[in-house]
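A structural walkthrough
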Amino acid sequence: MKKTKLGEFEELVLLTVIVLKEEAYGVEIKRELEERLNETLSVGSIQSALKRMEEKDFLKSEFGEATAVRGGKRKRIYTATPLAIQTLEEIKNVRAQLWASIA
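Residues numbered from 1 in each chain as written. Predicted model: local features only at pLDDT ≥ 70, side-chain atom pairs only at ≥ 80, totals over all residues. Heavy atoms only, no water.

Below, the discussion takes up the overall build of the chain. In terms of helices and strands, the chain carries four helices and two strands. Its helices and strands in sequence order give the chain the pattern α-α-α-β-β-α, from N to C terminus. Over its C-alpha atoms, taken along the principal directions, the chain stretches across nearly 55 × 35 × 20 Å. Burial status across the chain gives 31% buried among its 103 residues. Summing over all exposed atoms, the chain offers an accessible surface of approximately 7200 Å²; the carbon and sulfur share of this is 55%. If the 18 positive side-chain charges of the chain are averaged to one point and the 17 negative ones to another, these points end up 3 Å apart. (Helix = DSSP H or I, 4+ residues; strand = E, 2+ residues; numbered from the N terminus. Buried < 20%, exposed > 50% of the residue type's maximum accessible area, 1.4 Å probe, protein only. Areas by Shrake-Rupley, 256 points an atom, 1.4 Å probe, with all protein chains shown as cover. Lys, Arg positive; Asp, Glu negative; His and termini not counted. Charge placed at Lys NZ, Arg CZ, Asp CG, Glu CD.)

Turning our eyes to something else, we now look at helix 3 (residues 43-55). Its 13 residues place the ends of helix 3 18 Å apart at the C-alpha level, agreeing with the 18 Å of an ideal helix rising 1.5 Å per residue. Of all the positions in helix 3, only Ile-46, Ala-49, Leu-50 and Met-53 are classed as buried. Down the axis of helix 3, the smallest arc covering the buried residues is 100 degrees, so these residues share one side. Turned more than 90 degrees away from the buried face of helix 3, the exposed residues are Lys-51 and Glu-55. Following helix 3 by one or two positions, Asp-57 has its phi on the positive side, about 70 degrees. (Expected span 1.5 Å × (residues − 1). Arc of directions from axis to C-beta.)

Our focus in this paragraph is unusual backbone geometry. Positive phi is not limited to glycine here, since Lys-21 has a value of about 55 degrees. If you trace the backbone, Lys-21 turns up in the loop between helix 1 (8-20) and helix 2 (26-37). Residue Lys-21 is classed as exposed on the basis of its relative accessible area of 56%. A positive phi is found at Asp-57, a non-glycine position, where the angle reads about 70 degrees. Mapping Asp-57 onto the fold places it in the loop between helix 3 and strand 1 (59-66).

Following the sequence through the fold, Gly-44 ends up in helix 3. Residue classification places Gly-44 among the partly exposed positions, given a relative accessible area of 39%. For the pair Gly-44 and Glu-23, spaced 21 residues apart in the sequence, the C-alpha separation amounts to 19 Å.

Turning our eyes to something else, we now look at the nonpolar core. Of all hydrophobic cores here, the largest spans 19 residues; its most connected members are Val-13, Leu-14, Ile-29, Leu-50 and Met-53. At the level of secondary structure, the elements contributing two or more residues to this core comprise helix 1, helix 2, helix 3 and helix 4 (82-101). Those residues in contact with Met-53 that sit more than four places away from it in its chain are Leu-6, Glu-10, Val-13, Leu-14, Phe-58 and Leu-59. (Core = buried A, V, L, I, M, F, W, Y, C linked by side-chain atoms within 4.5 Å. Contact = heavy atoms within 4.5 Å.)

Okay, structure coming up:
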């Protein structure tokens, strides 16, 4: 089975989606990542990563309820797929083995 590649930024976005659970939508993902990375990110970079990962079947999305706070607009909520969880576990294991090999 051919493995689908996951870039470093995609990995961070995917992990953030998992951490945020039902609050995993574009603006909140951006806020969380900016806070953790201590840098400014563009909305476009986040949206591009989310779209790529949805195309790779790492993420699924659905619209949440419309809210007055958002002017009646609905949030697109992202959730990780089983493939995403499996891929992240594989990446974590490879990284752990490499770190353990450093003298």
